[in-house]
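Fold and contact review
If you want the building blocks of each chain, they are given just below.
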Amino acid sequence: MQSKFLKQNLWIHLLLITVSFGMILPFIWMVLTSFKSVTESTQMNPFQILPSKWLVGNYTEVIRTNNFIVLYLNTILMMVWRIFSSVMFSAMAAYAFARLQFPFKNVLFGLVLFQMMVPPQLFVIPQYLMIDQMGMRNTIFALVFPGLVSAFGTFLLRQFFMGLPKELEESAKLDGCNIGQTFFKVMLPLAKSGLIALAIFTALFAFKDLLWPLIINADPSKATLSSALSKIQGAYTVNYPQLMAASVLAIWPMVILYIIFQKQFIQGIASSGSKL
């Protein structure tokens, strides 16, 4: 019986290792290509995996032609402000939908769910017109604007608040707390794992956002990493080693972010899934 169990575990682990390798293979290929020459990156016969000569010139050329300090700063500012506003406003809305009673509650929450089902590209033109009317194009605020409120974050945190015992609110009310005090001092700290999960999701969504930064900011000094990478590609030819080098330089902050908050990220996803 034990031998059968070990054999099943062996096959499961082999399957997981194979799938994991398939997922990280593109990243390995990206790093290897960033050190190749243009000829080596495109030749198929013979197919070359490792570069014959490790070229660091691709990185120096990309750094020379792109101001990565400005790109990092713009991307970080966009991510930080989107995280702060999305987490705070989503938590307030989620608590209201989960715990408070008010007219048209279900109808309003249905509108939140409807926003999640509609393609985000549908809102690009209205959002652009709003930013244009405010005269805020080519600004950091323009990058943050679409992420001020998150329908996904409202839905996610609502699941956390619904899973908390009602006795906590009753005890807070008996101690003289109003709704705001109950939310900030009692309920919000208990949803810490959900807030961290939403913050990581928001950071990922903001980091990979490409369409909106390309449309709203034409000024190179207000560009983000994703929009700058898209402009490295030529109209007819692509220098793949330099493009891969720029991609490596762009993704390392998110890799570090995931490594640091990996435990909280997994806990947040598991907790939210158990309350759906």
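Nothing here was measured: the structure is a model prediction, and the numbers come from that model.

1. Points about the overall build of the protein chain
Counting secondary structure elements, the protein chain contains 15 helices and zero strands. Relative to the globule expectation of 19 Å for 276 residues, the C-alpha radius of gyration of the protein chain, 23 Å, shows a markedly less compact shape. Within the protein chain, contacts between residues at least 6 apart in sequence are counted, and of these 73% link residues at least 24 apart. Surface summary for the protein chain: the accessible area is close to 17,100 Å², and the carbon and sulfur share equals 71%. The positive charge centre, built from 19 side chains, and the negative charge centre, built from 9, are 7 Å apart in the protein chain.

2. Here's the deal with the layout of surface pockets
Approximately 1,000 Å³ is the volume found for the largest pocket. For the largest pocket, the lining is made up of 28 residues, of which Gln115, Pro120, Pro146, Gly147 and Val149 are closest to its centre. Of all the elements in the fold, those that place two or more residues in the lining of the largest pocket are helix H4 (68-99), helix H5 (105-117), helix H6 (124-134), helix H8 (151-162), helix H11 (192-207) and helix H12 (211-216). Residues of the lining of the largest pocket, tallied by class, amount to 18 nonpolar, seven polar and three charged. Taken as a whole, the second largest pocket encloses approximately 460 Å³ of empty space.

3. Considerations on the nonpolar core
Judged by nonpolar contacts, the single largest core of 33 residues is most densely connected at Phe68 and Leu225. With eight residues, helix H14 (residues 240-260) is the single largest residue contributor to this core. Every residue in contact with Leu225, bar those within four places of it in the chain, is listed here: Phe68, Leu71, Tyr72, Thr75, Phe207 and Ala250. Counting residues in hydrophobic clusters, the runner-up holds 18 residues, among them Leu156, Leu157, Phe160 and Phe161.

4. Brief notes about the UniProt feature "transmembrane region" (unreviewed entry) in the protein chain
When the UniProt feature table is mapped onto this chain, "transmembrane region" (unreviewed entry) is found at residues 12-32, 69-95, 107-128, 140-161, 182-207 and 243-261. Across residues 243-261 one finds 95% helix and 0% strand; the C-alpha atoms that close the span lie 28 Å apart.

5. Concerning the packing of aromatic side chains
Summed over all chains, the structure comprises 16 aromatic pairs. Summarising the aromatic geometry, the rings of Phe97 and Phe102 are spaced 6.0 Å apart at their centres and angled 50° between planes, so their arrangement reads as tilted. We classify Phe102 as partly exposed; its relative accessible area is 27%. By way of ring pairs, the aromatic residues Tyr95, Phe161, Phe183 and Phe184 are connected into one cluster. One cation-aromatic arrangement involves Arg158 over Phe109; the distance from NZ or CZ to the ring centre is 4.2 Å.

6. Re unusual backbone geometry
Positive phi values are uncommon outside glycine, yet Phe104 reaches one of about 60°. Along the chain, the position of Phe104 falls in the loop between H4 and H5.

7. Structural notes on the pattern of salt bridges
All told, the structure shown has four salt bridges when counted by the stated rule. With a closest N to O distance of 2.6 Å, Glu61 and Arg64 form a salt bridge. Here Glu61 and its partner Arg64 are both found in helix H3 (residues 57-65), three residues apart, which amounts to about one turn of the helix. Judged by relative accessible area, which is 61%, Arg64 ranks as exposed. For Arg137, the salt bridge goes to Asp132, with nearest N and O atoms at 2.9 Å.

Reading the values: rules and limits
- Residues numbered from 1 in each chain as written.
- Predicted model: local features only at pLDDT ≥ 70, side-chain atom pairs only at ≥ 80, totals over all residues.
- Heavy atoms only, no water.
- Helix = DSSP H or I, 4+ residues; strand = E, 2+ residues; numbered from the N terminus.
- Rg over C-alpha atoms; globule rule 2.2 N^0.38 Å.
- Contact = heavy atoms within 4.5 Å.
- Areas by Shrake-Rupley, 256 points an atom, 1.4 Å probe, with all protein chains shown as cover.
- Lys, Arg positive; Asp, Glu negative; His and termini not counted.
- Charge placed at Lys NZ, Arg CZ, Asp CG, Glu CD.
- 1 Å grid on protein atoms, 1.4 Å probe; cavity = no way out; pocket = protein on both sides within 12 Å on 5 of 7 lines; lining within 4 Å.
- Points joined across faces, edges and corners; volume = space filled by probe spheres on them.
- Nonpolar A, V, L, I, M, F, W, Y, C, P; charged D, E, K, R; others polar.
- Core = buried A, V, L, I, M, F, W, Y, C linked by side-chain atoms within 4.5 Å.
- Buried < 20%, exposed > 50% of the residue type's maximum accessible area, 1.4 Å probe, protein only.
- UniProt positions renumbered as here; feature names shortened; annotations may be inferred.
- Phe/Tyr/Trp six-rings, centres within 6.5 Å; stacked < 30°, edge-to-face > 60°.
- Lys NZ or Arg CZ within 6 Å of the ring centre and 35° of its normal.
- Salt bridge = Lys/Arg side-chain N within 4 Å of Asp/Glu carboxyl O.

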